[in-house]
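Examining the three-dimensional arrangement
Chain by chain, the residues:
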Amino acid sequence: MATSKKVTAKTKVKSKSKAASKKVAKLKAKKSVAKKAVANGLPKASTKPYGQAGKALEGVRILDFSHVQAGPTCTQLLAYMGADVIKVERPGVGDITRGQLRDVKGADSLYFTMLNGNKRSITIDSKHPKGKEILDRLIKHCDVLVENFAPGTLDRMGLTWEHIHKTNPRMIVASVKGFGPGPYEDCKVYENVAQCAGGAASTTGFRDGPPLVTGAQIGDSGTGLHLAFGIVSALYQRIRTGRGQRVLCAMQDGVLNLARVKLRDQQRLAHGPLTEYSQYGEGIPFGQAVPRAGNDSGGGQPGWILKCKGWESDPDAYIYFITQAPVWGAICDLIGKPEWKTDPDYATPPARLPRLRHIFDTIEQWTMTKTKFEVMDICNAVDIPVGPILSMKEIAEEPSLRKTGTVVEVDRGNPR
Ligand code: COA
């Protein structure tokens, strides 16, 4: 017993020391990984709980010359990410949106506060010698200058790229303009001009109607988003190069980027008709350019907006219905057409293409017997992708969007 005990003890010691050497080896390995990470320029992984290690852009200072919507969207996003945004406004005038579309007398408009609520603000006359001096000091202390003046305005203020770069070689100068270099580079541009010039309007609306602009601010807010991505990339690159650069987003380019599937279709058109457009099924020949496609889906799964119960009095009692191929059988069962599952005219996606109008009319007979929310529940239970047409009132009052913080209520401040 005693011997065996000893042996056990020895074995234990041995295995302990084995374990210890294994630990050392592990530690060594960890150290070398950590060393490698440091050599990579990355700090050691933070042990602080997520959300308590500071915001992503903390320490970044933005000199914000932006106004109206496109530029302010960008700097608002940067501020949400932790950047310190100093918004410079013209003395006595301010950002024009402060007074536009006012709903409370004497208070800054919602248009202004929804885009600028998280920034600091200062008025400086950029054309006055004292103002220029203050601006030069700010340029030295900031990381990014953001502006969306009309073309040439910043230069006329004396704030050329050369001047800024000489004053602070690390500064990133980010601009929104209506158009990039070319025949329209000197033009002033607003949202709907960009939607028209970027290809969104010519491809939106019904074939037999005029071009349409969309309520989504893809020209202004969309370009602001693009610019924010360009700025963050330039800041990241500056870590390696130590120097700033110019970032330019043209609103025409921003809209075109968001309408890129239509540019895809323009190229496809050279090789034959666009078979997923309902005009194909209706036997209407295609012209030289991508036509307006009504509510046709922009992807490979056909879809359309269908009436739901109450459509006669409620302008938003509609649902977007997608006849996704993998759930075709479930759709047929729901709408009372189980025979379509095997009928060669309906069983496969190519067979359905020339019959889309008839198929959606038939589905609509079913959706009209249900509210859009009932259709949503029934279809999602069997994985059929559908989207209720939600009014702004419904969205503003939707509890789940409040819960996630997508829609928040904030104090608008005191009327002046
Ligand atoms: N101190 C002194 N002058 C100032 C100033 C300040 N702090 N801030 C602005 N100004 C002056 C400018 O110098 C300019 O004067 P100038 O033309 O004599 O040089 C003047 O204010 C107006 O600026 P501008 O940008 O031309 O504004 P606008 O109201 O005439 O045009 C836009 C508005 C939006 C059409 C135009 O700025 C534009 O095309 N911007 C680029 C595209 C864009 O962002 N459009 C979307 C907006 S949501």
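Focus: the overall build of the protein
Broken down by element type, the protein carries 17 helices and nine strands. For the protein, with 416 residues in total, the buried portion stands at 36%. Restricting the contact set of the protein to residue pairs at least 6 apart, pairs at least 24 apart contribute 64%. Summed over its atoms, the accessible surface of the protein is roughly 25,200 Å², and 59% of this surface lies on carbon and sulfur atoms.

Some details on the side chain of Glu89
Along the polypeptide, Glu89 turns up in strand S2 (residues 84–89). In contact with Glu89, not counting residues within four places along its chain, are Gly94, Asp95, Arg98, Phe112, Ser121, Ile122, Thr123 and Ile124.

Observations concerning the environment of Ser278
Tracing the chain through its elements places Ser278 in helix H11 (residues 278–281). For Ser278, a relative accessible area of 7% translates into the label buried. Each residue touching Ser278, except ones within four places of it in the same chain, is listed here: Asp296 and Trp304.

Observations concerning the site of the ligand
Surrounding the ligand, one finds 23 residues, the nearest of these being Ile124, Asn148, Ala150, Lys188 and Val189. At 2.8 Å from a nitrogen atom of the ligand is found a main-chain nitrogen or oxygen belonging to Ile124. The backbone of Phe149 places a nitrogen or oxygen atom 3.4 Å from a nitrogen atom of the ligand. Look at the ligand: alone it shows 930 Å² of surface, and the protein chains cover 84% of it.

Some details on the sheet that holds strand S6 (residues 246–250)
The strand order S3-S2-S1-S4-S5-S6 describes an open sheet built from six strands, whose pairing is parallel. Edge strands, defined here as strands with exactly one partner in the open sheet, are strand S3 (120–123) and S6. Neighbour to neighbour, the strand axes of the sheet diverge by 20° on average, direction disregarded. Pairing geometry for strand S1 (residues 61–65) and S2, over four bridges, is parallel. Across the sheet, residue Arg61 finds its bridge partner in S2, namely Asp84.

Some details on the sheet that holds strand S7 (residues 303–307)
Read from one edge of the open sheet, three strands run S7-S8-S9, paired in antiparallel fashion. Every interior strand has two partners, whereas the edge strands, S7 and strand S9 (386–388), have only one. Adjacent strand axes in the sheet meet at a mean angle of 20° when their direction is disregarded. Sheet analysis places S7 next to strand S8 (residues 318–322), joined by five bridges and oriented antiparallel. Its bridge partner being in S8, Leu306 is matched across the sheet by Ile319. Each of S7 and S8 is contacted by helix H14 (residues 356–367), which is oriented at about 35° to S7, the strand it contacts most. Those strands touched by helix H15 (residues 372–381) are S8 and S9, and its axis lies near 160° from that of S9.

Examining the nonpolar core
Grouped together as the largest cluster of nonpolar side chains are 28 residues, with contacts concentrated most on Ile62, Leu78, Val144, Val146, Leu227 and Ile231. Elements supplying a minimum of two residues to this core: helix H2 (70–80), strand S4 (144–147), strand S5 (172–177), helix H8 (220–241), S6 and helix H9 (251–258). Per element, the largest residue contribution to this core is five residues, and it comes from H8. Counting residues in each nonpolar core, the second largest holds 22 residues, with Ile319, Trp328, Ile335 and Phe360 among its members.

Considerations on the packing of aromatic side chains
Under the definition given, this model contains six aromatic pairs. Members of the aromatic cluster, connected to one another through ring pairs, are Trp328, Trp340 and Tyr346. Across from the ring centre of Trp311, 4.0 Å away, lies the NZ or CZ of Lys307, which sits over that ring. The ring of Trp328 carries the charged tip of Arg352 above its face, separated from the ring centre by 4.0 Å.

So, the packing of H8 against H9
It is at 9 Å that the axes of H8 and H9 come closest, and there the two elements cross at 95°. One finds that H8 runs roughly perpendicular with respect to H9. Packed against H8, whose contacting residues are Asp220, Gly222, Thr223 and His226, the element H9 presents Met251, Gly254, Asn257 and Leu258 at the interface. Residue classes in the contact of H8 with H9 are distributed as two nonpolar, five polar and one charged.

Re the confidence of the model for the protein
Within the protein, residue pLDDT values average 91, and 90% of them lie at 70 or more. Here residues 1–36 is modelled with pLDDT under 50, and outside its nearest four sequence neighbours on either side it reaches zero contacts, counting other chains as well.

Considering a positive patch on the surface
Among the surface-exposed residues, Arg90, Lys127, Lys132, Arg156 and Lys188 lie close enough to one another that they form a single positively charged patch. Residue classification places Lys188 among the exposed positions, given a relative accessible area of 67%.

Parameters and conventions
- Residues numbered from 1 in each chain as written.
- Predicted model: local features only at pLDDT ≥ 70, side-chain atom pairs only at ≥ 80, totals over all residues.
- Heavy atoms only, no water.
- Helix = DSSP H or I, 4+ residues; strand = E, 2+ residues; numbered from the N terminus.
- Buried < 20%, exposed > 50% of the residue type's maximum accessible area, 1.4 Å probe, protein only.
- Contact = heavy atoms within 4.5 Å.
- Areas by Shrake-Rupley, 256 points an atom, 1.4 Å probe, with all protein chains shown as cover.
- Near = heavy atom within 4 Å.
- Polar contact = N/O pair within 3.5 Å; in protein donor to acceptor, adjacent residues only side chain to side chain.
- Pairing = 2+ DSSP bridges.
- Axes fitted to C-alpha atoms, helices over the stretch in contact; angles between N-to-C directions.
- Core = buried A, V, L, I, M, F, W, Y, C linked by side-chain atoms within 4.5 Å.
- Phe/Tyr/Trp six-rings, centres within 6.5 Å; stacked < 30°, edge-to-face > 60°.
- Lys NZ or Arg CZ within 6 Å of the ring centre and 35° of its normal.
- Parallel < 35°, antiparallel > 145°, perpendicular 65-115°, else oblique.
- Nonpolar A, V, L, I, M, F, W, Y, C, P; charged D, E, K, R; others polar.
- pLDDT = per-residue confidence, 0-100.
- Patch = residues over 30% accessible without salt bridge, like charges linked within 9 Å, V, L, I, M, F, W, Y side chains within 5 Å.
- Salt bridge = Lys/Arg side-chain N within 4 Å of Asp/Glu carboxyl O.
- Lys, Arg positive; Asp, Glu negative; His and termini not counted.
- Charge placed at Lys NZ, Arg CZ, Asp CG, Glu CD.

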